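Now for the letters of each chain:
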Amino acid sequence: MGEWGFPMDASVMFLDCPAYMDKTGSVRCGLPAEVQDRYLMSSTDGALESARIRCPRGHWFNGPIESLTVERRPALADERSATRNSRR
Ligand SMILES: [Zn+2]
């Protein structure tokens, strides 16, 4: 343990849900998706930090943390910062 870089005593961890909410891929779900499982996935570059997450809307994802993390787009900065403030 400890290879995650996350506090291991935290009972629940959340990621912003990366699901697309429209067909153009410009709108993300963004709800706090609960991390239900964390594991290491083998890859050509070594072990990848992976997780299984589920958001309140019912989206499921299972894969490397990197691919589950929503990139911060400048166009969404205002909206997203407001969301973050309410979460922490
Ligand atoms: Zn979602």
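Predicted model, so just to flag it, every value in this text is computed and none were measured.

### Structural notes on the overall build of the protein
Here comes step 1: A tally of regular secondary structure across the protein gives two helices and four strands.
Here comes step 2: When the helices and strands of the protein are listed from N to C terminus, the series reads β-β-β-β-α-α.
Here comes step 3: Within the protein, the proportion of its 88 residues that are buried is 9%.
Here comes step 4: A sequence separation of at least 24 residues applies to 28% of the contacts in the protein between residues at least 6 apart.

### A closer look at the sheet that holds strand β3 (residues 46–54)
Here comes step 1: Read from one edge to the other, the open sheet built from four strands follows the order β1-β2-β3-β4, with strand pairing classed as antiparallel. Pairing within the sheet leaves two strands with one partner each, and these edge strands are β1 (14–16) and β4 (60–64). The mean angle between the axes of side-by-side strands here comes to 40 degrees, regardless of whether they run parallel or antiparallel.
Here comes step 2: Where strand β2 (residues 32–43) lies against β3, nine bridges are found, and the strand directions are antiparallel.

### Quick look at the environment of Phe 14
Here comes step 1: With respect to the secondary-structure elements, Phe 14 resides in strand β1.
Here comes step 2: Measuring from C-alpha to C-alpha, the distance between Phe 14 and Ile 53 comes to 8.1 Å, with 39 residues separating the pair along the chain.
Here comes step 3: With near-sequence residues (within four places) excluded, Phe 14 lies in contact with Pro 32, Ala 33, Glu 34 and Val 35.

### Things to note about the confidence of the model for the protein
Low-confidence regions, as indicated by low pLDDT, have predicted coordinates that should not be scrutinised in detail.
Here comes step 1: Of all residues in the protein, 66% attain a pLDDT of 70 or more, and the chain-wide mean is 79.
Here comes step 2: With pLDDT under 50 throughout, residues 76–82 is counted as low confidence; its partners more than four residues away or in other chains account for one contact.

### What about the pairing of β2?
Here comes step 1: As defined by bridge partners, β1 adjoins β2 across three bridges and the pair is classed as antiparallel. Pairing of Phe 14 across the sheet is with Glu 34, part of β2.

Calculation notes
- Residues numbered from 1 in each chain as written.
- Predicted model: local features only at pLDDT ≥ 70, side-chain atom pairs only at ≥ 80, totals over all residues.
- Helix = DSSP H or I, 4+ residues; strand = E, 2+ residues; numbered from the N terminus.
- Buried ≥ 20, exposed ≤ 12 C-beta atoms within 10 Å, placed from the backbone.
- Contact = placed C-beta atoms within 7 Å.
- Pairing = 2+ DSSP bridges.
- Axes fitted to C-alpha atoms, helices over the stretch in contact; angles between N-to-C directions.
- pLDDT = per-residue confidence, 0-100.

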